[in-house]
Amino acid sequence: MADEQIKPAAGGDIPKEQSATPGGEHIHKPREYPLVPAMAVVKTPYFHVVGYSVAGEESVVQVPELNINFDIGKCPRPALTADFCLLTHGHIDHSAGIPYYLSQRFFQGMKPGTILCPAKIAKPLSDIIHSWAGLEGKVTEHRIVAMNVGDEFELRKGLIARAFATRHTVPSIGFLVIDRREKLRADLLEQNLPGHILREMKDRGEKITYTLDVPMVAYTGDTCMAETLTQDGVRDAKVLITECTFWERDHRKRAAVGQHLHVTDLMAALPELRNELILISHVSRRTHLKLAKRVFAEATAKLAHPPKVEFLMDYAQRLWVKPGRAAPFAAVEPEIPDAAE
Ligand SMILES: [Zn+2]
Ligand SMILES: [Zn+2]
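Residues numbered from 1 in each chain as written. Chains lettered and ligands numbered in written order. Predicted model: local features only at pLDDT ≥ 70, side-chain atom pairs only at ≥ 80, totals over all residues.

1. A few points about the pairing of strand S10 (residues 159-165)
As defined by bridge partners, strand S9 (residues 152-156) adjoins S10 across 4 bridges and the pair is classed as antiparallel. Paired with Glu154 across the two strands is Ile160, which belongs to S10. Between S9 and S10, which follow one another and run antiparallel, lie 2 residues, and Gly158 among them has a positive phi close to 85°. Bridging between S10 and strand S11 (residues 173-184) involves 7 bridges; their strand directions are antiparallel. Opposite Leu159, over in S11, you have Asp179 as the bridge partner. (Pairing = 2+ DSSP bridges. Helix = DSSP H or I, 4+ residues; strand = E, 2+ residues; numbered from the N terminus.)

2. Some points on the nonpolar core
Soluble, globular proteins show a tendency: their nonpolar side chains are buried together. By size, the foremost hydrophobic cluster in this structure holds 70 residues, and its most contacted members are Cys85, Leu86, Phe175, Val177, Val217, Leu240 and Ile241. It is S11 that provides the largest number of residues to this core, a total of 5 residues. (Core = buried A, V, L, I, M, F, W, Y, C linked by C-beta atoms within 7 Å. Buried ≥ 20, exposed ≤ 12 C-beta atoms within 10 Å, placed from the backbone.)

3. Overview of helix H7 (residues 195-203)
The buried fraction of H7 amounts to 0 of the 9 residues, a small share that puts the element mostly on the outside. Just downstream of H7 lies Gly205, where phi reads positive at about 95°.

4. Things to note about unusual backbone geometry
Only a minority of non-glycine residues have a phi that is not negative, and only a minority of peptide bonds are not trans. The backbone of Asn192 shows a phi angle near 55°, a positive value even though the residue is not glycine. Mapping Asn192 onto the fold places it in the loop between helix H6 (186-191) and H7. Positive phi outside glycine occurs at Gln259, with the angle close to 55°. Among the structural elements, Gln259 can be located in the loop between helix H8 (252-258) and helix H9 (263-269). The exposure class assigned to Gln259 is partly exposed, which follows from the 17 C-beta atoms found within 10 Å.

5. Observations concerning the sheet that holds S9
Reading across the sheet, the 7 strands line up as S9-S10-S11-S12-S13-S14-S15 and stay open at both edges, with mixed pairing between neighbours. On the outer flanks of this sheet lie S9 and strand S15 (308-311), each paired with one strand and no other. This sheet shows a mean twist of 30° between the axes of neighbouring strands, independent of strand direction. Bridge count between strand S14 (residues 277-281) and S15: 4 bridges; the pairing is parallel. (Axes fitted to C-alpha atoms, helices over the stretch in contact; angles between N-to-C directions.)

6. Quick look at the pairing of S14
Along a regular strand, successive side chains alternate from one face of the sheet to the other. When you tally the buried positions in S14, you get 4 out of 5 residues, the bulk of the element. Where strand S13 (residues 239-243) and S14 come together, 5 bridges link them in parallel fashion. Bridge assignment links Thr242 to a residue of S14, and that residue is Ile280.

What follows is the structure, encoded as structure tokens:
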């Protein structure tokens, strides 16, 4: 290794003449480095979905444009940039990164992170963050929002996170993110009224608008309940990110014990789903994606309006980070400039 050939001078700093590799590269220049593990990057018409989700190992799914992480996994570097973490349940492969996420955001001068979580785990989560103070010497500033099914939280003006019901071995919820807009009433729109008339009506206290909710993305987290997928909003979300852990025929029992979805549950729900894209996550490592995809292609071919189904980890690729840039979309390994450049 070129790095090993260069020995720092006794004073600590590397003298200029020694600071370059034989190729002319300066070793004190921060190098680009790959993110581990490989993250999936899926481009939808509305936003990107960036994540890693393998059953029992790690689940973190980020939607950068919406400023959210669904679960945090072990908190890969890009996940730091989202101000909100929507935690579905406390299993460690979904939640381990929380203390790091909060602390590292503080360290990097970002505003305190906000964690939305099932109401039943708000206290233990708070306890663990406070326990960490024994190690770090202080409690990192943070915000925990306890959510029950049906509760809504405004992420930013017009962007709402709503908790929906799931069923798992520990307290759990799923999250639906809604784009909420105030639109002019259709009858008023038809009349093409000038602005000052509308303003007068509004001043008189007349309701001139109606609320339009557009469900953008639903994330189930871990669940065993097939009805999870067919709830209002979830089945209509433009993008549905659902778990589907078990695929083998003889693994139905396992799915029931671990309270996860088996592919047959997903198949049963499919005809009712209106999603533009269904992104399958949390697939067990033992599953061959090629086989799973074929099963899906055959099942969806029979539907009148077959949904687009993709596997999140199909899009896994090694991301490369330039120092100082936290959430890149570049998925191509950068070329190492040669000495002449
Ligand atoms: Zn899980
Ligand atoms: Zn779980």
